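# Secondary and tertiary structure notes
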Amino acid sequence: MNATTQLRGSYWLDTAPPGEPMPPPPGDLTVDVAVVGGGIAGLSTAWELVRRGREVAVLEAGRLAAGVTGHTTAKLTAQHTLVYDHLRRTRGAAGARLYARSQNAAIRHAAGIVEELDIDCDWEEAAAFTYAENPRREGELLAEAEAAREAGLPAEFVTETELPFPVAGAVRVSGQAQFHPRKYLLALADDLRRRGGSVYEGTRVVGLAESEPCVLTTDAGVSVRAGHVVIATHYPVFDRALLFTRLSPRRELVVAGVVDAEGAPRDMYITPERSTRSVRTAPLGEGKRLLIVTGEHFTPGTADVEERFGRLSAWATAQFPQVTFTHRWATQDNDSTDSVPLVGPLHPGSRHTYVATGFGGWGMSGGIMAGRLLCDLVTGRPVEWSGLYDPRRLASVVREGGTFLKHQAQVARHFVGDRIPPLTGPAPEDIAPGDGAVVRVGTGQYAVHRDENGELRAVSARCTHLGCIVAFNRAEQAWECPCHGSRFAPDGRILQGPALRPLKKREL
């Protein structure tokens, strides 16, 4: 068994104050702006709008900052691996500069909020590094350093780091930051409410009518009327522009443990090598730091997750032999096919609906940037980088059509191939306690799980989003859709969208 199997989940959820529960709306309501999603993008947008005098309601299906934002590594940086040389080639030098300015402005804005609200969120300034161990990648790093510097970032190529192993080279960007995301966002939510905003947890939105005003419907049948609606659910649950064709879900694993502060890296590191390895530390006090290592990315529903947790923890132990693991968790990101987030009007005909998605693993700076951008769009203020992030853009999709077609081919393979039941496969009696499998029943497929007490439960194996067949993730005890990343509990309850309905129960 993996040595990290029995560890606690997300460190951010484990160590933040639980916060006062905020019940669903007791009845219909009307506001200026409704924000769907209580992660960093949604809460940042709502807070900015309340500061501009708008009446705002945040509608969160679960708990605030407990979804994707609660499972991040919480790096606040404009240095997004090898993005600037790519942007310089695909969007031109001007596009790369806009990207750098918007992301760096988000970091400085967050620093100002922490100071203004006196938020205790373990805020630390740090440098961000993208490194490579393979000497053959030195040219990529040199080009990235040059492009990031041209874009306006304080970037340089270096060969020395704090890491306990040699690197062939790295791009270093100073003046970045790291923090405790849940502590930060709970403080933001408290300030939002003090200023007259409303926050509702346990409120899943299942319907959107783009009328004037817009009307949202919750799973409890409550109607929320709003002049403007922002969809900030990580993966858009309402997709009138078929944005799911331009988004690829990616799951990534995290292990964390205690190390001595002396000798622990204080800056932030990432490499695209080895299926990604990301390293940072967080303060623990009394001469200790929390080492956080991320990597082993994969499409949901397509990997042996326990094996990958083993690989990641083995790598962390090899590099930091003194680590004592305390937590492990996983995060999920959506990559846009042209490498730039989709933030702006929901679709070409939108007049009052907006979206924020496709942050590609950089949702901390991206979410804060999106909050400021969407607030300006809702209130009619011009934003110089709105065109860069506009979801309605087509030129970049055409330019990077190879990535778009590759993504569609992968989805089509799962949609068609996985729906054909195999002639042979596991039977319910073959499923071990704590495991699950898709079982052929007649001409159909059931998702069958056996709990630790030996009891079997069955649900439909078809994701309620677009009908792809789910697969079981034993390490996280979840059914996952490989097409668009929806995740469900063993009993079919929704854990993560874009699905809006649970998996239907089945009788064996």
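Residues numbered from 1 in each chain as written. Predicted model: local features only at pLDDT ≥ 70, side-chain atom pairs only at ≥ 80, totals over all residues. Heavy atoms only, no water.

### So, the overall build of the chain
When you go through the chain residue by residue, the secondary structure sums to 11 helices and 25 strands. For 508 residues, the compact-globule estimate of 2.2 N^0.38 gives 23 Å, and the chain sits close to it at 22 Å. The principal-axis extent of the C-alpha atoms belonging to the chain is close to 60 × 55 × 50 Å. In the chain, which comprises 508 residues, the proportion classed as buried is 57%. Pairs at least 24 residues apart make up 70% of the contacts formed inside the chain by residues separated by at least 6 positions. A total accessible area of about 20,000 Å² is found for the chain, and carbon and sulfur atoms account for 50% of it. Between the mean site of the 56 positive side-chain charges and the mean site of the 59 negative ones, the chain shows a separation of 5 Å. (Helix = DSSP H or I, 4+ residues; strand = E, 2+ residues; numbered from the N terminus. Rg over C-alpha atoms; globule rule 2.2 N^0.38 Å. Buried < 20%, exposed > 50% of the residue type's maximum accessible area, 1.4 Å probe, protein only. Contact = heavy atoms within 4.5 Å. Areas by Shrake-Rupley, 256 points an atom, 1.4 Å probe, with all protein chains shown as cover. Lys, Arg positive; Asp, Glu negative; His and termini not counted. Charge placed at Lys NZ, Arg CZ, Asp CG, Glu CD.)

### Examining the packing of helix α3 (residues 83–90) against helix α4 (residues 92–117)
One way to put it is that α3 packs onto α4 with a least axis distance of 6 Å and a crossing angle of 140°. Between α3 and α4, the crossing angle belongs to the class labelled oblique. Every pair of crossing elements has a handedness; the one defined by α3 and α4 is right-handed. Contacts between α3 and α4 involve V83, Y84, L87, R88 and T90 on the former and, on the latter, G92, A93, A96, Y99 and A100. Tallied by class, the residues present in the contact of α3 with α4 amount to 7 nonpolar, 2 polar and 1 charged. (Axes fitted to C-alpha atoms, helices over the stretch in contact; angles between N-to-C directions. Parallel < 35°, antiparallel > 145°, perpendicular 65-115°, else oblique. Left-handed = near helix turned anticlockwise from the far one by under 90°. Nonpolar A, V, L, I, M, F, W, Y, C, P; charged D, E, K, R; others polar.)

### Regarding the nonpolar core
Within the largest apolar cluster, 77 residues are counted, with the highest numbers of intra-cluster contacts made by L76, Y84, F179, Y184, I292, V343 and Y389. Counting residues per element, this core draws most heavily on α4, at 9 residues. Apart from the residues lying within four places of it in its own chain, the contact partners of F179 are W12, I40, A74, L76, C121, D122, W123, Y184, R280 and M364. (Core = buried A, V, L, I, M, F, W, Y, C linked by side-chain atoms within 4.5 Å.)

### Side note on the sheet that holds strand β25 (residues 505–506)
Ordered by their spatial adjacency, 4 strands build an open sheet running β18-β19-β20-β25, and the pairing between neighbours is antiparallel. At either margin of the open sheet sits one strand with a lone partner, and together these are β18 (435–441) and β25. By the bridge criterion, 2 bridges tie strand β20 (residues 456–460) to β25 in an arrangement that is antiparallel. When the sheet's bridge partners are listed, A458 is paired in β25 with R506. (Pairing = 2+ DSSP bridges.)

### Brief notes about the packing of aromatic side chains
In total, this model carries 9 aromatic pairs according to the counting rule given. Ring plane angle 75° and centroid distance 6.0 Å describe the contact between F165 and W315, whose orientation is recorded as edge-to-face. You can see F165 sitting in the loop between β5 (155–158) and β6 (169–178) and its partner W315 sitting in helix α7 (residues 305–319), a full 150 residues away along the chain. The exposure class assigned to W315 is buried, which follows from its relative accessible area of 7%. Put simply, the rings of Y84, Y99 and Y389 pair up and form one aromatic cluster. Positioned above the aromatic ring of F309, the side-chain terminus of R328 is 4.1 Å from the ring centre. (Phe/Tyr/Trp six-rings, centres within 6.5 Å; stacked < 30°, edge-to-face > 60°. Lys NZ or Arg CZ within 6 Å of the ring centre and 35° of its normal.)

### Description of the state of the cysteines
Taken as a whole and assessed by the stated rule, the structure comprises 1 disulfide. In this model C214 remains outside any disulfide bridge; the closest cysteine sulfur is found in C375, 17 Å from its own. Here C214 falls in the buried class, since its relative accessible area comes to 1%. (Disulfide = S-S within 2.5 Å.)

### As for the sheet that holds strand β21 (residues 471–473)
Strand order in the open sheet formed by 4 strands is β21-β22-β23-β24, and the pairing between neighbours is antiparallel. Sheet topology places β21 and β24 (494–496) at the edges, where each strand pairs with a single neighbour. Sheet analysis places strand β22 (residues 478–480) next to strand β23 (residues 487–488), joined by 2 bridges and oriented antiparallel. Bridge assignment links E480 to a residue of β23, and that residue is R487.

### Quick word on the packing of α4 against helix α6 (residues 181–194)
Following both chains from N to C, one finds α4 and α6 inclined at 65°, their axes separated by 11 Å at the closest point. As α4 runs across α6, the sense of the crossing is left-handed. For the pair formed by α4 and α6, the contact residues are A110, I113, V114 and L117 on the first element and Y184, L188 and D191 on the second. Each residue belonging to the contact of α4 with α6 can be placed in one class, and the counts come to 6 nonpolar, no polar and 1 charged.

### Section: the pattern of salt bridges
Within the structure shown, the criterion is met by 37 salt bridges. Where D260 meets K288, a salt bridge forms, and the shortest distance between an N and an O atom there is 2.5 Å. Of this pair, D260 sits in strand β11 (residues 247–260) while K288 sits in strand β14 (residues 288–298), and the two are 28 residues apart along the sequence. Taking the relative accessible area as the measure of exposure, D260 reaches 36% and is therefore partly exposed. Note on K288: relative accessible area 34%, which makes it partly exposed. Several salt bridges share partner residues, and in doing so they unite R51, E116, D191, R194 and R195 into one network. (Salt bridge = Lys/Arg side-chain N within 4 Å of Asp/Glu carboxyl O.)

### Examining the environment of G39
The topology assignment puts G39 in the loop between β1 (29–36) and α2 (40–51). Overall, the relative accessible area of 16% leaves G39 in the buried class. Between the alpha carbons of G39 and I113 there is a distance of 17 Å; along the sequence they are 74 residues apart.

### A closer look at α3
Residues lying three or four places apart along an α-helix face the same way, a consequence of the helix completing one turn every 3.6 residues. The element α3 is largely enclosed, with a buried count of 6 among its 8 residues. Those residues of α3 that sit buried are V83, Y84, D85, H86, L87 and T90. At the exit of α3 stands G92, carrying a positive phi of roughly 85°.

### Focus on the pairing of strand β13 (residues 277–285)
Here strand β12 (residues 268–271) pairs with β13 via 3 bridges, running antiparallel. By the bridge assignment for β13, I270 is matched with S278. Between β12 and β13, which follow one another and run antiparallel, lie 5 residues, and R274 among them has a positive phi close to 55°. As paired strands, β13 and β14 are joined by 8 bridges and run antiparallel to one another. For T281, the partnering residue across the bridge sits in β14 and is L291. Adjacent in sequence and paired antiparallel, β13 and β14 are bridged by 2 residues, among which E286 carries a positive phi angle near 55°.

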